[in-house]
Structure formats: structure tokens, C-alpha cells
Amino acid sequence: MKIALIGYGKMGKTIHELAEQHGDGVVFIIDRNSSDQLNHMNRENVDVAIEFTNPESAFENLKYCVVNQIPVISGTTGWLHRYDELVRICHKNDGTFMYASNFSIGVNIFFEVNKFLAEKMSGYQEYRVSMEEIHHTEKLDAPSGTAITLAEGIVEKNSRFESVKEIDIHSKRIGKTPGTHTIEYHSPIDSIEIKHTAHSRRGFAKGAYEAAVWIKNKKGVFSIQDMLFGDQ
Ligand SMILES: NC(=O)c1ccc[n+]([C@@H]2O[C@H](COP(=O)([O-])OP(=O)(O)OC[C@H]3O[C@@H](n4cnc5c(N)ncnc54)[C@H](O)[C@@H]3O)[C@@H](O)[C@H]2O)c1
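Here, residues in each chain are numbered from 1, in the same order as that chain's written sequence. Thresholds applied to this predicted model are a pLDDT of at least 70 for local features of residues and 80 or more for the giving and counting of side-chain atom pairs; totals over whole chains, interfaces and linings are not thresholded and use all residues. Calculated side-chain values reflect all of the structure's heavy atoms, with hydrogen atoms and water omitted.

**Student:** Just checking my understanding: could you explain the overall build of the chain for this structure?
**Tutor:** Under the DSSP-based scheme used, a helix requires at least four consecutive residues in state H or I and a strand at least two consecutive residues in state E, with every element numbered from the N terminus. Secondary structure assignment for the chain yields seven helices and ten strands. In this description the radius of gyration comes from C-alpha coordinates, and the expected globular size is given by 2.2 Å times residues to the power 0.38. Since a compact globule built from 232 residues should have a radius of gyration of about 17 Å, the 18 Å found for the chain is in line with a globular shape. Projecting the C-alpha coordinates of the chain onto the three principal axes gives extents of approximately 60 × 40 × 30 Å. Only protein chains enter the accessibility calculation, which uses a 1.4 Å probe. A residue is then buried if its area is under 20% of the maximum for its type, exposed if over 50%, and partly exposed in between. Burial statistics for the chain: of 232 residues in total, 49% are counted as buried. Should any heavy atoms of two residues lie within 4.5 Å, those residues are counted as being in contact. Counting contacts in the chain only where the partners sit at least 6 residues apart, residues at least 24 apart contribute 68% of the total.

Structure, rendered in C-alpha cells:
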């Protein structure tokens, strides 16, 4: 598989290691100082692009890929106000695209647990919901994309909420923390807490790599749930 890595920071480098272990060729490594290389990519010289950059550059990188029919997966967070626009461009150009706020398999199972709990708690007004997310100090966006997905899951399943803005999200930036998310339902009588702790970046990289393999011969816009649970 010919892989292009767009963004060669912590995630890009971890995915590179994994791709090499699988014997794949990394044919482009595009970082901030070599962003002009993007224009050299096409669907003949790249099978799939993996994009982990920053909120400012993600949209243009992804647009280039979908317009040029290079299947692309992105894990960059903080640019989602333009997600619908990208989906339209992707469909119009017969492109291929997957975004996930979190590529870890464990977190995606945690998303399902979160929705289950949100639905069960729907009728119990006495429980106050709050969320805490902790990440490393270099993270640019807050709250995290994962926290936003969790809040969306609560709003979808718990009839007490109409908007993610109603959910209290506390963001903390501590040391090198890869990513910890806790949801608490608190009442004067008791509390229920669910928590996911990433121990390293490898879980995100593994999921992103598997998504790249899964998407490379498909057309359209996909979510990681399509890949993991097949429930599109
Ligand atoms: N979805 C997930 O599972 C997941 C997991 C971890 C991180 N993330 C997100 O992925 C993104 C990257 O995370 P990271 O930890 O690798 O960050 P990082 O800061 O270590 O790396 C980002 C890299 O992008 C490069 N870059 C900046 N502008 C660019 C451009 N125009 N073209 C190409 N490269 C450019 C930077 O030079 C840097 O090397 C962040 O938005 C983070 O929140 C998502």
C-alpha cells in the first residue's frame, strides 16, 4: 500500500512506524515546511493519505485529496465547522473520506457505552452530568474532539438535552497525557462514572492505519463506526 502522511508530528511519526512494520511504502511525508509537496500527490502515486495536522490546515489538505480522488482519512480535530462543506465537495468529486475524532478502538466502544448510559439516565433529573477531558499541554483545541463526540452521544440519547453546549466539559492540559475522558452522573445519593484512559498514542495510530486499509478501495464518506460496527 502506497501511503502519504500529511502531517509528520507525534501521530504522523507513530503511524509511519506502524506502516513500516506492515511493509507498506510511505511515498510522501508532508509537514509544515514541505506543504507544497501536496500538489505532487495523485491517485496513481498514492493509494491512501493519512492526515494528522492542525485545525488551520486540515480542511485544505483534505479538500485537495477528495478533489483529486485520493482516499483520505483524517484525525485532525478542531476544524469540524467545515465538515459539511467537505462532505459536499467529496460527493461532488466522487472522492473518499473518513474522519474520526478518535481512532482508538477502545474509545469507539466507550462511545457506545456512553450512549447506552445516556439513554438509561434519561428519566432521572436528579443526576447532573459533567465531563472531564485531560490531554498533553501541546494540544491546540479544547474541548477535545473526543469530548465533543461524547457530548453529542449524550444529547442524541438523553432527552433532557438539546445541545452539546448544555453539557459541562472541563478541559485540563497536563504533562504528556495522551487522552483521558471521564463522564460523571452525580446525584446527592450516588454517582456513576465511566472513564477511558489512553496509555499511549499507539491505539490511535493502529485504528488510523486499519481505517486506511479499509477505505482505500471505497468511494464516499465514512465514519469509523461504519468500519467497526458496520452500521451506516
Ligand atoms: N483522531 C484521533 O484519534 C487523534 C489522536 C491524536 C491526535 N489527534 C489530533 O490530530 C492532530 C495532530 O496531532 P499530533 O499529536 O500529531 O500533533 P503534532 O503537533 O505533533 O503534529 C502536527 C504536525 O502537522 C504539521 N503541519 C502543520 N501544518 C501543516 C500543513 N499545512 N501541511 C502539512 N503538515 C502540517 C506540523 O508541522 C506538525 O508536525 C491534532 O489535531 C490532534 O488533536 C487525533
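**Student:** Teacher, can you tell me more about the sheet that holds strand β8 (residues 180-186) here?
**Tutor:** Strand pairing in a sheet relies on backbone hydrogen bonds. The paired strands run either parallel or antiparallel. Each pair of strands is called paired provided DSSP finds at least two bridges between the two strands. In space, the four strands of this open sheet follow the order β7-β6-β8-β9, with mixed pairing throughout. Of all the strands in the sheet, the pair left with one neighbour each is β7 (168-173) and β9 (191-197). Averaged over all neighbouring strand pairs, the angle between strand axes comes to 15°, with direction disregarded. Across seven bridges, strand β6 (residues 128-135) lies against β8 in antiparallel orientation. Bridging across to β8, Glu132 finds its partner in Thr182. On top of the sheet, helix α4 (residues 105-120) reaches β8 and β9; it is set at about 165° to β9, its chief contact. Axis angles are defined between N-to-C directions and span 0 to 180 degrees, where every axis is a line fitted to C-alpha atoms and, for a helix, only to the segment in contact.

**Student:** Would you explain the site of the ligand in this entry?
**Tutor:** Around the ligand, a shell composed of 23 residues is seen, among which Lys10, Met11, Asp31, Thr77 and Phe103 lie nearest. Within the backbone of Lys10, an N or O atom sits 2.8 Å from an oxygen atom of the ligand. Polar contacts, as used here, are pairs of N or O atoms within 3.5 Å; protein pairs need one atom able to donate a hydrogen and one able to accept it. Residues neighboring in sequence count only if both atoms are side-chain atoms. Between the ligand and Met11, the relevant distance is 2.8 Å, taken from an oxygen atom to a main-chain nitrogen or oxygen of the residue. We call Asp, Glu, Lys and Arg charged. Ala, Val, Leu, Ile, Met, Phe, Trp, Tyr, Cys and Pro are nonpolar, and the rest, Gly among them, are polar. Across the shell around the ligand, the residue classes break down as seven nonpolar, eleven polar and five charged. Nearness here has a simple test: a residue counts as near a molecule or strand if at least one of its heavy atoms is within 4 Å of that partner.

**Student:** Looking at this model, I keep getting lost on the layout of surface pockets. Mind explaining?
**Tutor:** In this approach the atoms are scanned with a rolling probe the size of a water molecule, which exposes any empty space left behind. Lining residues are defined by having an atom within 4 Å of a point belonging to a cavity or pocket. Those points lie on a 1 Å grid over the protein atoms alone, cavities being sets where a 1.4 Å probe fits but cannot get out and pockets being open sets with protein on both sides within 12 Å along at least five of seven lines. Grid points are joined across faces, edges and corners, and a volume is the space filled by probe spheres set on the points. Approximately 1,000 Å³ is the volume attributed to the largest pocket. In terms of lining residues, the largest pocket is bounded by 42 residues, among which Met11, Phe52, Thr53, Asn54 and Thr76 are the most central. Of all elements in the fold, only α1 (10-21) and α5 (145-157) reach the threshold of two or more residues within the lining of the largest pocket. Element by element, the count of residues in the lining of the largest pocket is highest for α1, at three residues. One number sums up the size of the second largest pocket: a volume of about 450 Å³. Taken together, 19 residues make up the lining of the second largest pocket; nearest its centre are Tyr99, Ser101, Thr149, Glu152 and Gln225.

**Student:** I keep staring at α4 and nothing clicks. Help me out?
**Tutor:** Count 3.6 residues to each turn of an α-helix, and residues three or four apart come out pointing the same way. In this scheme, a helix's expected span is set at 1.5 Å multiplied by one less than its residue total. Spanning 16 residues, α4 covers 23 Å between terminal C-alpha atoms, matching the ideal 22 Å at 1.5 Å per step. When α4 is considered as a whole, its buried residues turn out to be Val107, Asn108, Phe110, Phe111, Asn114, Leu117 and Ala118. Against α5, β8, β9 and α7 (224-229) lie the buried residues of α4. The opening residue of α4, the one whose side-chain oxygen lies 3.3 Å from the backbone nitrogen of Gly106, is Ser104.

**Student:** What should I look at first to understand the packing of aromatic side chains in this one?
**Tutor:** Each aromatic ring pair is described using two quantities: the centre-to-centre distance and the angle formed by the ring planes. Pairing of aromatic rings covers Phe, Tyr and the six-membered ring of Trp, with a centre-to-centre limit of 6.5 Å; geometry is then stacked below 30 degrees between planes, edge-to-face above 60, and tilted otherwise. Scanning the model with the defined rule gives seven aromatic pairs in all. Pairwise contacts between aromatic rings join Trp79, Tyr83, Phe97 and Tyr99 into one cluster. Here the guanidinium or amino end of Arg82 rests over the ring plane of Phe59, the centre of that ring lying 3.7 Å away. Here the basic side chain of Lys218 rests over the ring of Trp214, its NZ or CZ set 4.0 Å away from the ring centre. In this scheme, Lys NZ or Arg CZ marks a charge over a ring once it lies within 6 Å of the ring centre and within 35 degrees of the ring normal.

**Student:** What is the right way to read the sheet that holds strand β3 (residues 48-51) from this model?
**Tutor:** If you walk across this open sheet you meet the six strands as β2-β1-β3-β4-β5-β10, and the pairing is parallel. Lying at the two open borders of the sheet, with one neighbouring strand each, are β2 (25-30) and β10 (220-222). With strand direction ignored, the average angle separating the axes of adjacent strands in the sheet is 20°. Inspection of the sheet shows strand β4 (residues 72-74) paired to strand β5 (residues 96-99) by three bridges, in the parallel sense. When the sheet's bridge partners are listed, Ser74 is paired in β5 with Tyr99. Taken strand by strand, α1 contacts β1 (2-6), β2 and β3, and its axis lies near 165° from that of β1.

Any link to function would need more than the numbers given here.
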